[in-house]
Amino acid sequence: MEGITKNNTTGDWNPAEVKMSFFRKPITNKRPEAVPVTLFWVYEYVRGRWAMPETEQLRSITDKDEARHFKGSNFDYVTPSGVFSYCSDQCLVKHSEVLTIDLDELNERTEEMFDKLIADPAFDTLLLFRSPRGNGLKWFIHIDLSRCDHRTWFTAVRNYLMATYQLTEKQVDAQCVNVSRACFLCHDENAYLKTELIEYF
């Protein structure tokens, strides 16, 4: 990605103050809980035991359609890119300046990519955890909306990931382009959170 520089998470934008909407399962529930949540809250949720039974059960399901239905029915979710009055792009209350990328079907490259994203020279990883099925990643980064809009950022970051890490278009989920994109909260006791955020709280 030409001209990209590592995002600075200091200054006017403070990752510790990021807020996003939280939704109770199932995915058909589009009404958020009254109180938005923080990156640290998501980190603690994922590391905790709240979704452990569901995560373990999902990973034992081999049929893809059955797994998709189970995931949609049994996992709470957040909208990392902001606070919403309803889970729809048209109902954005405030953008968080966070972009989440879903990396799917990494399979044997999952742990390799986990380490590489944390060390990525272009972006500070704010939060990173394994996906509900265990063969992918959820990557949270800061985007500066004064430079370009959400969709432009998504396209640029997606192209960067494919070029830098030799990932396919299928592995870097194009559906994450929507600002109201849901991110399922599973269990990952080894999730990563930016050190400064842990120290802040």
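Now for a quick tour of the structure. (Residues numbered from 1 in each chain as written. Predicted model: local features only at pLDDT ≥ 70, side-chain atom pairs only at ≥ 80, totals over all residues. Heavy atoms only, no water.)

Next up on the list: the environment of Phe 23. Relative to the elements of secondary structure, Phe 23 occurs in strand S1 (residues 21-23). Phe 23 gets classed as buried once you look at its relative accessible area, which sits at 0%. For Phe 23, the contacting residues outside a window of four places in its chain are Asn 29, Lys 30, Arg 31, Pro 32, Asp 76, Tyr 77, Thr 79 and Cys 87. (Helix = DSSP H or I, 4+ residues; strand = E, 2+ residues; numbered from the N terminus. Buried < 20%, exposed > 50% of the residue type's maximum accessible area, 1.4 Å probe, protein only. Contact = heavy atoms within 4.5 Å.)

In this section: empty space enclosed by the protein. A complete count under the given rule lists 1 cavity of 30 Å³ or more for this structure. A volume near 80 Å³ is recorded for the largest cavity. The leading source of residues in the lining of the largest cavity is strand S5 (residues 98-103), at 3 residues. (1 Å grid on protein atoms, 1.4 Å probe; cavity = no way out; pocket = protein on both sides within 12 Å on 5 of 7 lines; lining within 4 Å. Points joined across faces, edges and corners; volume = space filled by probe spheres on them.)

Another point: the nonpolar core. Within the largest apolar cluster, 35 residues are counted, with the highest numbers of intra-cluster contacts made by Leu 39, Val 42, Val 78, Leu 127, Phe 129, Phe 140 and Leu 185. For this core, the leading source of residues is helix H1 (residues 39-47), giving 6 residues. Leu 99, Phe 123, Leu 137 and Tyr 160 belong to the second largest nonpolar core, which has 25 residues in total. (Core = buried A, V, L, I, M, F, W, Y, C linked by side-chain atoms within 4.5 Å.)

Turning next to unusual backbone geometry. Both trends apply: most residues other than glycine have a negative phi, and most peptide bonds are in trans. For the peptide bond that leads from Lys 25 to Pro 26, omega is 5°, which places it in the cis range. Mapping Pro 26 onto the fold places it in the loop between S1 and H1.

What follows is about the layout of surface pockets. A volume near 740 Å³ is recorded for the largest pocket. Arg 68, Lys 71, Asp 104, Arg 133 and Asp 173 are, among the 24 residues lining the largest pocket, the residues nearest its centre. Mapped by element, the contributors of at least two residues to the lining of the largest pocket are helix H3 (64-74), S5 and strand S7 (137-142). A per-element tally of the lining of the largest pocket places H3 first, with 5 residues. Taken together, the residues that form the lining of the largest pocket break down as 7 nonpolar, 6 polar and 11 charged. A volume near 220 Å³ is recorded for the second largest pocket. Considering the residues around the second largest pocket, the lining is formed by Asp 12, Trp 13, Asn 14, Glu 17, Val 18, Lys 19, Val 83, Lys 94, His 95, Ser 96 and Glu 97. Grouping the amino acids of the lining of the second largest pocket by side-chain chemistry returns 3 nonpolar, 3 polar and 5 charged. (Nonpolar A, V, L, I, M, F, W, Y, C, P; charged D, E, K, R; others polar.)

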